[in-house]
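# Secondary and tertiary structure notes
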Amino acid sequence: MSTARFKLLVKNARQVLVICNKGEKYLTRANGGDIDIHIIQNASVVVDSDGLIEAVGPADVIESEYSRVSFDRVIDATGMCVLPGLVDAHTHPIWAGDRVHEFAMKLAGATYMDVHRAGGGIHFTVERTRAAAARDLLASLSGRLERMRRAGTTLAEVKSGYGLELPTEMKMLEVMEEARRTLPIGISSTYCGAHAVPKGKSVEEATADILQVQLPALKGRMATGELRVDNIDVFCEEGVFDVPSTRAILQAGKDMGLNVNFHGDELHPMNAAQLGAELGALAVSHLEEVTDQGIAAMARAKTAAILLPTTAYILRLAQPRARAMLDAGVIVALGSDFNPNAYCCSMPIVMHLACVNMRMSMPEALAAATINAAYALGRSHTHGSLEAGKHGDLLVIAAPRWEHLIYQLGGHQELIRYVVVKGDVVYDNDQTLAL
Ligand SMILES: N=CN[C@@H](CCC(=O)O)C(=O)O
Ligand SMILES: [Zn+2]
């Protein structure tokens, strides 16, 4: 090795969670075995000058191979564990006005749709987001993404969907674009203009507005490079967008080159999983009410299931059937679903809930929050594992075994020592406490 200068060396970690090491795009139980995550004991990680992973291997091998290289930063991870940056596959973090008052209503027995039909829920947030200035939305988004980063997230999917008309949807996408360019976290951006049917419009009118006004405008702004949008989303649900309107919107987005990734089978079985499989969707989120046929279709089509443990928890819904999905070979991913209904920025808490309430194993939850979440966003060639050539996104936790990140409910604040994005330390936490 020549006398190069690289960004970062993380050395002598007790465990390095590589996750997978053969270029796998996702991990499933397809062959009947358990999800197998790749771990190296007593290992080091090298990040090159472009912020990409150069090498991961036994500490002594890395030490001798890179002895002539100088590093901008060296982290001594003795006694600690290194994991890939977590990927949050489903969030709604751009909005104004919280809904703490609705939390009280739901605790008193109101359902999600009771609140929505009464003009609250998404409608409440839409009114406030329409009225908010872009700079205020960017400021609150920045704070929320920082909270996510401090909890180990280095790539987050971010949705629009609190405008439901052209000006506000574009304002949200512009805020997202600015965040993507300036904030130290990866963003996968999603147009979700079909998040609810705006007050005063029918489903048909809302669908026509999206197809004839919003999507053409978005296409124009993507063509000029003003906006970069990765995914298209629809809330497919009884009383929101029905299957025909969902299909039309998703197909139009797909024709524009967007990845299909939508909300389905949450409160009622809608056969959304089958629709996703038919459309070649990268992912369908929620799936609390998915049928066996829907599970089989997703497994066949390699459409990822993005499960959101906070939603079922907060709304006291039936848990998504993670075990049935995993056993059928579905690619299972996780998301925080951060939004004014489910206020949680922490993927470690999400993994904990997935293990306890959805009966996932800790390796399954970690694969779901790394490589499989990256797959759901079309990013598993760059994110989700510590393999050479991928982004140097990682976290260092002050614990002798990686499982502490899931086991310690809410303990990530004292456990996560460093968070690194593309080789830069973006969170340096000297508040870690001994176990
Ligand atoms: N279910 C639809 N959308 C969000 C909730 C958004 C909101 O209530 O503001 C979700 O994924 O949980
Ligand atoms: Zn959502």
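Thresholds applied
Residues numbered from 1 in each chain as written. Chains lettered and ligands numbered in written order. Predicted model: local features only at pLDDT ≥ 70, side-chain atom pairs only at ≥ 80, totals over all residues. Heavy atoms only, no water. UniProt positions renumbered as here; feature names shortened; annotations may be inferred. Phe/Tyr/Trp six-rings, centres within 6.5 Å; stacked < 30°, edge-to-face > 60°. Helix = DSSP H or I, 4+ residues; strand = E, 2+ residues; numbered from the N terminus. Buried < 20%, exposed > 50% of the residue type's maximum accessible area, 1.4 Å probe, protein only. Donors = N, O, S within 2.8 Å, 3.2 Å for Na, K, Ca; no water. Pairing = 2+ DSSP bridges. Right-handed = clockwise from strand over helix to strand, strands pointing away.

In the nomenclature of an unreviewed UniProt entry, the protein corresponds to Probable imidazolonepropionase from the organism Hippocampus comes. The Catalytic activity (unreviewed entry) comment attached to the protein in UniProt states, word for word, "4-imidazolone-5-propanoate + H2O = N-formimidoyl-L-glutamate". According to UniProt, the comment filed for the protein under the heading Pathway (unreviewed entry) is "Amino-acid degradation; L-histidine degradation into L-glutamate; N-formimidoyl-L-glutamate from L-histidine: step 3/3."

Looking now at the packing of aromatic side chains. Scanning the model with the defined rule gives six aromatic pairs in all. Ring geometry for Trp95 against Tyr343: centres 6.1 Å apart, planes inclined by 85°, an arrangement best described as edge-to-face. Taken together, the positions of Trp95 in the loop between strand 6 (86–88) and helix 2 (100–107) and Tyr343 in the loop between strand 13 (332–334) and helix 13 (347–357) put the pair 248 residues apart, joining distant regions of the chain. Taking relative accessible area as the criterion, Trp95 reaches 3% and is therefore assigned buried. Of the residues examined, Tyr343 reaches a relative accessible area of 41% and is grouped as partly exposed.

Quick look at the coordination of the zinc ion (ligand 2) now. His90 (NE2), His92 (NE2) and His263 (NE2) make up the full set of protein donors to the zinc ion (ligand 2), lying at 2.0 to 2.1 Å. Within one chain, the residues donating to the zinc ion (ligand 2) are spaced in sequence as H-x1-H-x170-H. Placement of His90 in the loop between strand 6 and helix 2 and of His263 in strand 10 (residues 259–264) is noted, with a sequence separation of 173 residues between them. Relative accessible area serves as the criterion here: at 3%, His263 is assigned to the buried category.

This next bit is on helix 10 (residues 292–301). Every buried residue of helix 10 is accounted for by Gly294, Ile295, Ala297, Met298 and Ala299. At the C-terminal side of helix 10, Lys302 shows a positive phi close to 60°.

Take the pairing of strand 9 (residues 231–234) next. With burial as the criterion, each face of strand 9 is covered, one bearing Asn231 and Asp233 and the other bearing Ile232 and Val234. One ladder, built from three bridges, connects strand 8 (residues 186–194) with strand 9; its direction is parallel. Paired with Tyr191 across the bridge in strand 9 is Ile232. Taken together, strand 8, helix 7 (residues 203–223) and strand 9 form a β-α-β motif whose crossover is right-handed. Taken together, the two bridges between strand 9 and strand 10 define a ladder with parallel strand orientation. For Ile232, the partnering residue across the bridge sits in strand 10 and is Val260.

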